[in-house]
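Each chain, letter by letter, is given below.
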Amino acid sequence: MNNFKVLPNAFEWLLGLYSDNFERLKRLFDARQMVPGRYLREVEGQPALLLDVLEQQPYTTLLRLSLRFADSMPAEDPESYWRVYHDARQAEVTHCRFDAHRVRLFAPDTPARLIAQYRRRMNSFANKWLEHLLESGYAEGHWRLIGGVPEWDRALVIAPGA
């Protein structure tokens, strides 16, 4: 009798996605080598890519990644917040903002099934977005530190009731 699984369960698949996200982010930048601040990478014919290193801990980095469009309101869209676990080689999107609408995290009574679905959907989108960034040339060149971390509201980062 064969004792192998053809497909991973949803949790295994999500962890695999987090690993893939980590590898794609690593091709764009090495967060461990960056001090907190705002960084810019420009590619000719493409919107500027902004990276905010928000917090740097020994094993974890909190990031915000967005594109800066010249004629858009808000200018930085989409905006994604990432938690990178360097020791585990995992990176997850914690939440995003699209077209001036922030996707909030969940209230304490949100069913785990809905949270898992949200994480799969958000991280799947982010994985494809990272692939697009890599294919568009953002992995080439150097990041330029352009200043400190702009003011950001941690109330929008932490789930209500957390």
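Let me begin by describing the structure that accompanies this report. In this text, all values refer to a predicted model and were calculated from it rather than measured experimentally.

Looking now at the side chain of R24. Tracing the backbone through its elements, the reader meets R24 in helix α1 (residues 10-28). In this structure R24 comes out as buried when scored by relative accessible area, which is 16%. Residues within four places of R24 in sequence aside, it is in contact with N127, L130, E131 and L134.

A word on the pattern of salt bridges. When the charged atoms of two side chains lie near each other, side chains of opposite charge can form a pair. Summed over all chains, the structure comprises eight salt bridges. In this structure, the salt-bridge partner of R24 is E131, at a minimum N-O distance of 3.6 Å. Placement of the pair is R24 in helix α1 and E131 in helix α2 (residues 112-135), with a sequence separation of 107 residues. Among the salt bridges present, the one from D52 reaches R38, with a minimum N-O distance of 2.7 Å. Of the two residues, D52 sits in strand β2 (residues 48-56) while R38 sits in strand β1 (residues 37-41), which places them 14 residues apart along the sequence. Of the two residues, D52 and R38, neither departs from the other in class, the shared state being buried.

Cut-offs used in this document
Residues numbered from 1 in each chain as written. Predicted model: local features only at pLDDT ≥ 70, side-chain atom pairs only at ≥ 80, totals over all residues. Heavy atoms only, no water. Helix = DSSP H or I, 4+ residues; strand = E, 2+ residues; numbered from the N terminus. Buried < 20%, exposed > 50% of the residue type's maximum accessible area, 1.4 Å probe, protein only. Contact = heavy atoms within 4.5 Å. Salt bridge = Lys/Arg side-chain N within 4 Å of Asp/Glu carboxyl O.

Purely geometric numbers; function is a separate question.
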